Amino acid sequence: MCVKCFQPYGFRATWHHVIVSAEVPRLLEDDLDSLVPAADELEQARVVWRSKSEEHAALRRQEKASGRRVPRRADPWHAWAGLVAYCPDFEKHPTERLDVVLRRVIAAFESGVDVTAQCRACARELTEDAPCPDCGVDQIGPTAGRNVGTVHRWRQVRLRAGS
């Protein structure tokens, strides 16, 4: 599926999000059409990401042409290779549409929200250095290396067992 190429929550969390939001049945043969809304939601989010990435690339070209070789730190969301709302626990992720969450997260990055005090995805006040307890987004991103022990659960979800 398209999740392999675009995964704003990380592969597992993005996969889980689109499968749940589109209500894809355990046996895909039961409703092949359920993949259409899943792919549409992912594509709409990718359009948001791509638009912002193109703006970033144009700005970097201008900066380089004017002699600025080191990128500004104002756009760190771009350095995460699409993982702008990384969720280390694949079953805990924002439930709103992906494009809505991406717009909010990128806007928070651009406005300079203090990630130690507020979640970029849901604006919840944060009190500790951990993924947001409400939406699961890790403010530090994929580089934090948080292991939440989800390997066994992921295998069950991937194989669509018990759904």
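Now for a look at the structure at hand. Please read these numbers as outputs of a predicted model, since none were measured by experiment.

1. Here we look at helix H3 (residues 98-111)
Taking 1.5 Å of rise per residue, 14 residues should cover 20 Å, and H3 covers 20 Å from first to last C-alpha, within 8% of that figure. Of all the positions in H3, only Leu98, Asp99, Val101, Leu102, Val105, Ile106, Ala108 and Phe109 are classed as buried. For H3, the elements touching its buried residues are helix H1 (11-21) and helix H2 (35-65).

2. Brief notes about the environment of Val105
For Val105, the location among the structural elements is in helix H3. With a relative accessible area of 0%, Val105 lands in the buried category. Between the C-alpha atoms of Val105 and Ala121, which are 16 residues apart in sequence, the distance is 5.1 Å. If sequence neighbours within four positions are ignored, Val105 has contacts with Val84, Ala85, Arg120 and Ala121.

3. Comments concerning H2
Turn by turn, an α-helix covers 3.6 residues, leaving residues three or four places apart pointing in a common direction. The end-to-end C-alpha distance of H2, which contains 31 residues, comes to 44 Å, matching closely the 45 Å that a straight helix rising 1.5 Å per residue would cover. If you check which residues of H2 are buried, you get Ala38, Glu41, Leu42, Ala45, Val48, Trp49, Ser53, His56, Arg60 and Glu63. Against H1 and H3 lie the buried residues of H2. At the C-terminal side of H2, Gly67 shows a positive phi close to 100°.

4. Considerations on the side chain of Asp99
Position of Asp99 relative to the elements: it lies in helix H3. Its relative accessible area of 10% is what places Asp99 among the buried residues. For Asp99, the residues in contact, after removing those within four places along its chain, are Gln44, Ala45 and Val48.

5. Quick word on the packing of H1 against H2
Between H1 and H2, whose axes approach to 8 Å, the crossing angle comes to 130°. With respect to their mutual orientation, H1 and H2 come out oblique. As H1 packs across H2, the resulting crossing turns out to be right-handed. Of H2, the residues touching H1 (which contributes Thr14, His17, Val18 and Ser21) are Ala38, Glu41 and Leu42.

6. Describing the nonpolar core
Grouped together as the largest cluster of nonpolar side chains are 30 residues, with contacts concentrated most on Tyr9, Leu102, Val105, Cys119, Ala121 and Val137. Of all the secondary structure elements, the ones that give two or more residues to this core are H1, H2 and H3. The leading source of residues in this core is H3, at 6 residues. The contacts of Tyr9, once residues within four sequence positions are left out, are Thr14, His17, Leu83, Ala85, Tyr86, Cys87, His93, Pro94, Glu96, Leu98 and Val101.

7. Comments concerning the pattern of salt bridges
Counted under the stated rule, the structure contains 9 salt bridges. Taking the shortest distance from any N to any O, the salt bridge between Arg50 and Glu54 comes out at 3.3 Å. You can see Arg50 and its partner Glu54 sitting in helix H2, 4 residues apart, about one turn around the helix. A residue is classified by how much of its surface remains accessible, and Arg50, at 45% relative accessible area, is partly exposed. Given the relative accessible area of 46%, Glu54 is considered partly exposed. Each of Lys52, Glu55 and Glu110 takes part in salt bridges that share partners, so that together they form one network.

8. Let's talk about the state of the cysteines
A full pass over the atoms with the stated rule returns 0 disulfides. For the unlinked cysteine Cys122, the closest cysteine sulfur is that of Cys132, found at 3.5 Å. Among the residues examined, Cys122 registers a relative accessible area of 32% and is labelled partly exposed.

What counts and how
- Starting afresh in each chain, residues are numbered from 1 along the sequence in its written order.
- Thresholds applied to this predicted model are a pLDDT of at least 70 for local features of residues and 80 or more for the giving and counting of side-chain atom pairs; totals over whole chains, interfaces and linings are not thresholded and use all residues.
- The basis for every side-chain value is the complete set of non-hydrogen atoms in the structure, without hydrogens or water.
- Secondary structure elements are taken from DSSP: a helix is a run of H or I of four residues or more, a strand is a run of E of two residues or more, and numbering for both begins at the N terminus.
- Residue count minus one, scaled by 1.5 Å, sets the expected span of a helix.
- Relative accessibility thresholds used throughout: buried, under 20% of the residue-type maximum; exposed, over 50%; partly exposed, between the two (1.4 Å probe, protein chains only).
- Whether two residues are in contact is decided by their heavy atoms, any of which lying within 4.5 Å being enough.
- To obtain each axis, a line is fitted to C-alpha atoms, and for helices this fit is confined to the stretch in contact; angles are then taken between N-to-C directions over 0 to 180 degrees.
- Each angle gets one of four labels, with under 35 degrees taken as roughly parallel, over 145 as roughly antiparallel, 65 to 115 as roughly perpendicular, and the rest as oblique.
- Left-handed describes a crossing whose near helix is turned anticlockwise from the far helix through less than a right angle; right-handed describes the clockwise counterpart.
- Nine residue types can take part in a nonpolar core, namely buried Ala, Val, Leu, Ile, Met, Phe, Trp, Tyr and Cys, and a core is a set of them joined through side-chain atoms within 4.5 Å.
- Any carboxyl oxygen of Asp or Glu that lies within 4 Å of a side-chain nitrogen of Lys or Arg is treated as forming a salt bridge with it.
- Note on disulfides: each one is a pair of cysteine sulfur atoms within 2.5 Å.

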